[in-house]
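# Secondary and tertiary structure notes
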Amino acid sequence: MSDNPLSPETLCAQALGWIEPTTKAIVQPVHMSTTYLRDEDNEYRSGRSYAREDNPTWDQAEELLTRLEGGAATLLFSAGMAAATAPFLALRPGDHIVAPKVMYWGLRKWLIGPASEWGLKADFVEMDNLDAVRAAMRPGRTKLIWAETPANPMWQVFDLAALAEIAHGAGARLAVDSTCATPILTQPVALGADLVMHAATKYLNGHSDVLAGSLTTARHDEFWQRICGVRTSCGGVLGSFEAWLLLRGMRTLPLRVRQACANALHLAERLEGHPRVEQVLYPGLASHPQHDLARRQMRNGFGGMLSIRVKGGEAAAIRCAAQVKLWKRATSLGGVESLIEHRASIEGAGTPVPGDLLRLSAGIEDAGELFADLSQALGA
Ligand SMILES: *Cc1c(COP(=O)(O)O)cnc(C)c1O
């Protein structure tokens, strides 16, 4: 755990205040070398040998994330999915995991498909029901609870402290996909989580121009060593230029996240009374089933993500998405520009997501202009 009392605002703005020792530069250079010189006696005293193992351009972003999450160490990956799959690849065939029924679809698809063919056993539960989670635990065999909160794209909030207790009571670990919460809104490690994952492609970078992922561990242990081994051997490492861009994006993380939260809350409140909207899904609304939990577990806001269920079903939802002018009809989230997406279309057959649902990623534009555009698209 970090004992540094500095706020996320200060840590991010100064990117930990690192100064490049040779030139005194305030912005660190991009190291492009893939290989490092061996000492004459055959040692590698620099600590670096090859860029699939280790790259100095990762160091500052990894250290900043470790501090923001209050963890012990962080690894950057080439994508959110490379980070998300690493803990499962560090398990063994026959091991059992528990995950939410509705979660980031790409990972759910991977768990149901390739991971189960490889021998991993997965149970998908309604994670807001802690009894269902307890009932799914298989003593001695369950190695990991995977949570995502708020969870794509219904924005359910899961009780991380309670899940950590259930996991640890069964000798398992809790890993949290905290992409949509960001370390500004939720700190899973402080609530008992063992691993925190981010699709850094989203809020951490924040400008829709870098694909990246991260894992932060609460402690150095044998499982973390196995995860480090997965990254090095599978090679899902981040390029130097991408790591540099990611750090540049992270310098404004608190500002961007706060503005996205304010915009999302503004939109959620106005859309809730909209004549063409059946339901608004947003943890910041009193009508949200886990609103009280969100108030306890989240700070600074309830996130920049919300979904609406459009009156008139799937066709009406797709029609609305077709008619936006300011919002961009695109997948992904967490950028400075607002995005709208019909999730059931992209997730395809077998998705638990209703056809009338549109997912909204609130950017940092003017909230009134965002609402006006959505409202005309809904046909009010
Ligand atoms: C985008 C996303 C991922 C996957 O990240 P990639 O960078 O696209 O591989 C995982 N989890 C959540 C919540 C995401 O939004």
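Residues numbered from 1 in each chain as written. Predicted model: local features only at pLDDT ≥ 70, side-chain atom pairs only at ≥ 80, totals over all residues. Heavy atoms only, no water.

## A closer look at the environment of valine 189
The criterion, for reference: Counting from the N terminus, the helices are the DSSP runs of H or I reaching at least four residues and the strands are the DSSP runs of E reaching at least two.
Within the element layout of this structure, valine 189 appears in the loop between α7 (182–185) and β6 (195–199). The spacing of valine 189 and valine 176 is 13 residues in sequence and 9.2 Å in space, taken between C-alpha atoms.

## Some points on the site of the ligand
Put simply, the test is: Note on definitions. A residue lies near a molecule or strand when any single heavy atom of the residue is within 4 Å of it. Between N or O atoms, a polar contact is any pair within 3.5 Å; within protein, one atom must be a potential hydrogen donor and the other a potential acceptor, and residues adjacent in sequence are included only when both atoms are from side chains. Under the convention used here, a 1.4 Å probe and the Shrake-Rupley method define accessible areas, while residue burial counts only the protein chains that appear.
Residues in close proximity to the ligand total 15 residues, the closest being Gly80, Met81, Asp177, Thr201 and Lys202. Contacts to the ligand include glycine 80, whose backbone N or O atom sits 2.8 Å from an oxygen atom. Taking aspartate 177, its side chain carries an N or O atom lying 2.7 Å from a nitrogen atom of the ligand. For the ligand, the accessible surface in isolation is 390 Å², of which the surrounding protein chains cover 92%. Every element with two or more residues in the shell around the ligand is listed here: α3 (80–89) and β6.

## Structural notes on helix α8 (residues 222–234)
Helical periodicity: at 3.6 residues per turn, an α-helix aligns residues three or four positions apart in one direction. To be explicit about the condition: The span one expects for a helix is its residue count, reduced by one, times 1.5 Å. Burial classes: relative accessible area under 20% of the type maximum marks a residue as buried, over 50% as exposed, and values in between as partly exposed (1.4 Å probe, protein chains only). Contact criterion: two residues are considered in contact whenever any of their non-hydrogen atoms come within 4.5 Å of each other.
In this model α8 runs 18 Å from its N-terminal to its C-terminal C-alpha over 13 residues, within 8% of the 18 Å that 1.5 Å per residue would give. Regarding α8, the residues found buried are Phe223, Trp224, Ile227, Cys228, Val230, Arg231 and Thr232. The elements touched by buried residues of α8 are α2 (59–69), β1 (73–77), α3, β5 (173–177), β6 and β7 (213–217). Its side-chain oxygen placed 3.3 Å from the backbone nitrogen of phenylalanine 223, aspartate 221 serves as the N-cap of α8.

## Describing the sheet that holds strand β10 (residues 328–329)
We apply this condition: Criterion used throughout: strands pair if DSSP finds at least two bridges between them. To obtain an axis, a line is fitted to C-alpha atoms, over the contacting stretch when the element is a helix, and the angle between two such axes runs from 0 to 180 degrees between their N-to-C directions.
Here five strands make up an open sheet; going across it, the order is β8-β9-β12-β11-β10 and the pairing mixed. A strand with exactly one partner marks an edge of an open sheet, and here the two such strands are β8 (277–281) and β10. In the sheet, strand β9 (residues 305–310) pairs with strand β12 (residues 357–361) via five bridges, with the strands oriented antiparallel. Considered in β12, the bridge of serine 307 is made with arginine 359. Lying on the sheet, helix α10 (residues 253–272) is in contact with β8, β9 and β12; it crosses β9 at an angle near 20 degrees. Helix-sheet contacts for helix α12 (residues 313–322) involve β9, β10, β11 (339–342) and β12, and the interaxial angle to β11 is about 155 degrees.

## Side note on the nonpolar core
Threshold: Put simply, a nonpolar core is a bunch of buried Ala, Val, Leu, Ile, Met, Phe, Trp, Tyr and Cys residues held in one set by side-chain atoms that sit within 4.5 Å of each other. Here the limits of each domain have been adopted from an automatic or database domain assignment.
By size, the foremost hydrophobic cluster in this structure holds 67 residues, and its most contacted members are Leu267, Leu271, Val280, Leu306 and Ile308. With eight residues, α10 is the single largest residue contributor to this core. Taken domain by domain, the makeup of this core includes at least three residues from each of domain 1 (8–250) and domain 2 (253–379). Those residues in contact with leucine 267, other than ones at most four positions away along the chain, are Leu306, Trp327, Ala362, Ala367, Leu370, Phe371 and Leu374. Within the second largest apolar cluster, 29 residues are counted, among which are Ala86, Leu107, Trp110 and Ile227.

## Comments concerning α12
Note the following rule: By definition, the arc is the one covered by directions from the helix axis to the C-beta atoms.
Those residues of α12 not exposed but buried are Ala316, Ala317, Cys320 and Ala321. Mapping the buried residues of α12 onto a view down its axis gives an arc of 140 degrees, with all of them on the same face. In the core, the buried residues of α12 are packed alongside β9, β10, β11, β12 and α14 (367–378).

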